[in-house]
Structures are given as structure tokens and as C-alpha cells.
Amino acid sequence: MLTVYCYSRCTTCKKALAWLDEKGMDYQVIDIKTEHPDEAALRRYYAMSGLPLKRFWNTSGIPYREMGLSKKLPAMSEDEQLALLATDGMLVKRPLMVGDDFVLTGFKENEWAEKLR
């Protein structure tokens, strides 16, 4: 079963869940704000994804901007970035979809369709 970390007020998350419903997919929703992935989970997801770590950051979110992370992240190690990501679910790009052997960040319909064939 798919796990989808979402934020209930996020329009992109709503769109992604509607798309999954339209396709008849089974999934579990986890509120990324209240039950965000811990550092160990983020490490697993990052390794499974094959994506650059920057794709895991919610760069348009308020916490990201308030912390000035666009300037700080380039000087941080991956370990430091993953530890920081684990502190606040609102820093994590959403929706975050986790399958048995893949992870996708954000909702790009073509990427999701490719993985969920």
C-alpha cells in the first residue's frame, strides 16, 4: 500500500489525493505536520528515491524562508540537512509518496503515473 504524507490545507496535496482516488489506488494518508517522518525514515526515503536531497525541501514554505535556508543549505552536509528536515514536517516537500520500492516528492502527474502503472 502507498503512504502519502500530506498537509490538509495544501491544494497540491488535495489534487494528488483526488488523482489517486480517480485511479482507484489504495493509500494511507499521514498528516505531515503532526506525524512527519523522523530522520531514520527520511534517510530511507532519500536512499530509495534516487533524487537529489534538494527535492525533499519545501522551498516555498514559510519555515524554509524564515530560516533563510536557501543560503544555509549549500554549506550543510547531507547529515545536517536530514537532521534539520526531520525537525518540522512543514520543511518537507509535499505530498511525499512512499511505495514499496520508490519515493516521490511533490505531485507531478506524469511521474506518479509512471511509478503507479
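Residues numbered from 1 in each chain as written. Predicted model: local features only at pLDDT ≥ 70, side-chain atom pairs only at ≥ 80, totals over all residues. Heavy atoms only, no water.

1. Considerations on the sheet that holds strand β3 (residues 96-98)
Thought 1: Judged by pairing direction, the sheet is mixed, and its four strands sit side by side in the order β2-β1-β3-β4 without closing on themselves. Since the sheet does not close on itself, it has two edges, and those belong to β2 (27-31) and β4 (103-105), each with one partner. The sheet shows a mean angle of 15° between the axes of neighbouring strands, taken without regard to direction.
Thought 2: Contacts between helix α1 (residues 11-22) and the sheet are confined to β1 (2-6) and β2, with β1 contributing the most and set at about 155° to the helix.
Thought 3: Across the sheet, helix α2 (residues 39-49) lies against β1, β3 and β4, angled at about 95° from β4, the strand it touches most. (Pairing = 2+ DSSP bridges. Helix = DSSP H or I, 4+ residues; strand = E, 2+ residues; numbered from the N terminus. Axes fitted to C-alpha atoms, helices over the stretch in contact; angles between N-to-C directions. Contact = heavy atoms within 4.5 Å.)

2. Details of the pairing of β1
Thought 1: With five of its five residues buried, β1 lies for the most part within the structure.
Thought 2: Burial along β1 is two-sided: the residues Leu2, Val4 and Cys6 and Thr3 and Tyr5 are all buried.
Thought 3: When β1 meets β2, the two strands line up parallel, connected through five bridges. Along β2, the bridge assignment pairs Thr3 with Gln28.
Thought 4: Bridge count for β1 against β3 is three bridges, and the pairing is antiparallel. When the bridges of β3 are listed, Val4 appears paired with Met97. (Buried < 20%, exposed > 50% of the residue type's maximum accessible area, 1.4 Å probe, protein only.)

3. A word on the pattern of salt bridges
Thought 1: Applying the stated criterion to the full structure yields five salt bridges.
Thought 2: Note that Arg43 and Asp79 form a salt bridge whose closest N and O atoms lie 3.0 Å from each other. With Arg43 in helix α2 and Asp79 in helix α5 (residues 78-85), this pair connects stretches of sequence that are 36 residues apart.
Thought 3: Residue classification places Arg43 among the partly exposed residues on the basis of a relative accessible area of 31%.
Thought 4: Where Glu111 meets Arg55, a salt bridge forms, and the shortest distance between an N and an O atom there is 3.4 Å. Residue Glu111 is found in helix α6 (residues 109-115), and its partner Arg55 is found in the loop between α2 and α3 (62-66); the two are separated by 56 residues along the sequence.
Thought 5: Its relative accessible area of 23% is what places Glu111 among the partly exposed residues.
Thought 6: One salt-bridge network, held together by shared partners, links Glu39, Arg43 and Asp79. (Salt bridge = Lys/Arg side-chain N within 4 Å of Asp/Glu carboxyl O.)

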